[in-house]
Amino acid sequence: MEETFEIELTVNGVHRTARAPARRLLSDLLRHDLGLTGTHVGCEHGVCGCCTVLLDGEPVRSCLMLAVTADGHEITTVEGLAGRDGTPSPVQRAFQECHGLQCGYCTPGFLCTVTALLRDNPRPTDEEVLEGISGNLCRCTGYQNIVASVHRAAELLAEEAR
Amino acid sequence: MKPPPFAYHAPATLAEALDVLAAHGADAKVLAGGQSLIPLLNMRLAEPGHIVDINRVAGLDGVRIVGSEEDAQAPPGGRTGGKGVRVGALARHAAVERSAGVAAVQPLLPAALRHVAHPVIRNRGTVVGSLAHADPAAELPAVLAVLGGTVEAVSAAGRRTIPAADFFTGPLESALRPGELAEAAFFPALPPRTGVAFTETSRRHGDYALAGVAAVVGLDEDLRVSTARVGYLGVAATPLVLDLTPRARQAQDGRPPGAADWSGVAGYVRDHLDPEPDIHAGADYRRHLAGVLTERALRAATADALDRAQTPGVHDEAEW
Ligand SMILES: Cc1cc2nc3c(=O)[nH]c(=O)nc-3n(C[C@H](O)[C@H](O)[C@H](O)COP(=O)(O)OP(=O)(O)OC[C@H]3O[C@@H](n4cnc5c(N)ncnc54)[C@H](O)[C@@H]3O)c2cc1C
Ligand code: FES
Ligand code: FES
């Protein structure tokens, strides 16, 4: 029998535990062990960005991290971006408003990446937006509406802060 | 696309990590940022028996400015105790890229880091891991090589300092021995009246480069080009350094400061490189790219050197 480890995480503000072998990827722990299937998995080698989650607030690839390495840390997935009452976050509203998604496969990764991007840089230039999302692939939208969504989200966040 | 089974170790101290590495030798792999190792595991291109996850080892994430100004002027290779940037094994690309102290002491580091993968990958990947991984198309090995930096290796048997020229031994191969951990890397400071530039060509922004160039140009007291060292990625099995000083002096000859003629240098570089073709680019195209990029990088590094030499205060960073 393969050795298993007790893994404790705070996911979207909730304390969660799971028992898994060391080779369990964080993406799989979230999806299979914790049932949080909002985090998508496209390539499992770091290229597509679908699986991006926030680790202690910083966006990382959950497919390139062992779940045991994340033990004791705080994770935010796409399920944790909305308010407690389910109100979509400004970033989520902007993507909806600007049609920043079509099939939605890439969207969880974009939402997590952009949430951190706008926290660090509330008024990004076009170039900074492109650099910020350069590690996320979308096969549907052609990116124009995603870039527009990021700028719109910056506006919504600024309004909310007022 | 899942990792194969392995025995997992998460030491809390360096001593513990070295004991585990000593016990398992070549069957153990260090896990740092995982941005290269986990893809290899997922694709089952690597099947180590033991993974030594160093993410819980305290004290490895430091990014420190060390040494004195005089030491920075020692020749490359003789600078291990000199002024420079010491990057610990757990310092992430992003932390080094954002450090104002690093940018002031060795601006080639942030310039190159902007080309390493994407911001999200840089949040996890480590500078030292990138050196240990020794991908011939990676940016940081070429930076360490052109600057004449070193890697500090430590094992249960002791420690040693490995000069960049000896560290990269082949594609994805370094001089690290089984049981050894790279504890830190040292990047020498930029000497006065010196400028840097980093440029590369890749198929998509953030991809590994087809070819890339890291240039360091030094000026004499009359602000005329006096030295030029260039590091290449993607054109050989290991990072390649060319000392272009004689060509640089020729380029400057008979011209005022800031007006060196670099047009002949591309041809010279093309004649001295012998890249391997692969599915991304043929040998001729890589050779061509290296020539064009060299000319661009030398021009930019010269402008950077003039800028630094003529802007007092840029170089004496009082507050890191
Ligand atoms: C999509 C994508 C794009 C990328 N693009 C680029 C790019 O353009 N340029 C580039 O340079 N890199 C690129 N990378 C790789 C990235 O920079 C890695 O972070 C880096 O190569 C390895 O650092 P790491 O800390 O993640 O190492 P790991 O993946 O943890 O380890 C890599 C190797 O180094 C060994 N190792 C790591 N640390 C140590 C140590 N302290 N002592 C001894 N051995 C050690 C490991 O055992 C392993 O063999 C990319 C990665 C991805 C996923
Ligand atoms: S699934 Fe993680 S980057 Fe593609
Ligand atoms: S919306 Fe379909 S992949 Fe982006």
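Keep in mind that this is a model prediction, so the values were computed, not measured.

Conventions we followed
Residues numbered from 1 in each chain as written. Chains lettered and ligands numbered in written order. Predicted model: local features only at pLDDT ≥ 70, side-chain atom pairs only at ≥ 80, totals over all residues. Heavy atoms only, no water. Helix = DSSP H or I, 4+ residues; strand = E, 2+ residues; numbered from the N terminus. Buried < 20%, exposed > 50% of the residue type's maximum accessible area, 1.4 Å probe, protein only. Areas by Shrake-Rupley, 256 points an atom, 1.4 Å probe, with all protein chains shown as cover. Lys, Arg positive; Asp, Glu negative; His and termini not counted. Charge placed at Lys NZ, Arg CZ, Asp CG, Glu CD. 1 Å grid on protein atoms, 1.4 Å probe; cavity = no way out; pocket = protein on both sides within 12 Å on 5 of 7 lines; lining within 4 Å. Points joined across faces, edges and corners; volume = space filled by probe spheres on them. Nonpolar A, V, L, I, M, F, W, Y, C, P; charged D, E, K, R; others polar. Domains from an automatic or database assignment. Contact = heavy atoms within 4.5 Å. Buried area = accessible area lost by both parts, 1.4 Å probe.

Caption draft 1: Structural view of the overall build of chain A. Secondary structure assignment for chain A yields five helices and five strands. Seen in sequence order, chain A has helices and strands lined up from the N terminus as β-β-α-β-β-β-α-α-α-α. Counting only C-alpha atoms, chain A reaches 50 × 35 × 25 Å along its principal axes. Within chain A, the proportion of its 162 residues that are buried is 52%. Approximately 7,400 Å² of chain A is accessible, and the part contributed by carbon and sulfur atoms is 50%. One way to put it: in chain A the 13 positive side-chain charges average out to a point 4 Å from where the 22 negative ones average out.

Caption draft 2: Layout of empty space enclosed by the protein. Scanning the model with the defined rule gives two cavities of 30 Å³ or more in all. The space that makes up the largest cavity amounts to roughly 40 Å³. As for the largest cavity, its lining consists of Leu64(A), Met65(A), Leu66(A), Thr69(A), Leu31(B), Ala32(B), Gly33(B), Gly34(B), Ile38(B), Asn55(B) and Arg124(B). In the lining of the largest cavity, the residues fall into six nonpolar, four polar and one charged.

Caption draft 3: Representation of the domain arrangement of chain A within the structure. All names here are of chain A. Under the domain assignment, chain A is made up of domain 1 (4-80) and domain 2 (90-161). On a C-alpha basis, the centres of domain 1 and domain 2 stand 22 Å from each other. Taken together, the contact pairs 18 residues of domain 1 with 15 residues of domain 2. For the domain 1 and domain 2 pair, buried surface summed over both sides reaches about 1,200 Å², with 57% attributable to carbon and sulfur atoms. When the buried area of domain 1 at its contact with domain 2 is split by residue, His40, Cys50 and Val78 rank highest and sum to 36% of it.

Caption draft 4: Inspection of the environment of Cys138(A) at higher detail. All names here are of chain A. Within the fold, Cys138 resides in the loop between α4 (126-132) and α5 (144-161). Using a relative accessible area of 5% as the deciding quantity, one classes Cys138 as buried. For the pair Cys138 and Leu101, spaced 37 residues apart in the sequence, the C-alpha separation amounts to 8.7 Å. In this structure, Cys138 is in contact with Cys106, Phe110, Tyr143 and Ile146, ignoring residues within four places of it in sequence.

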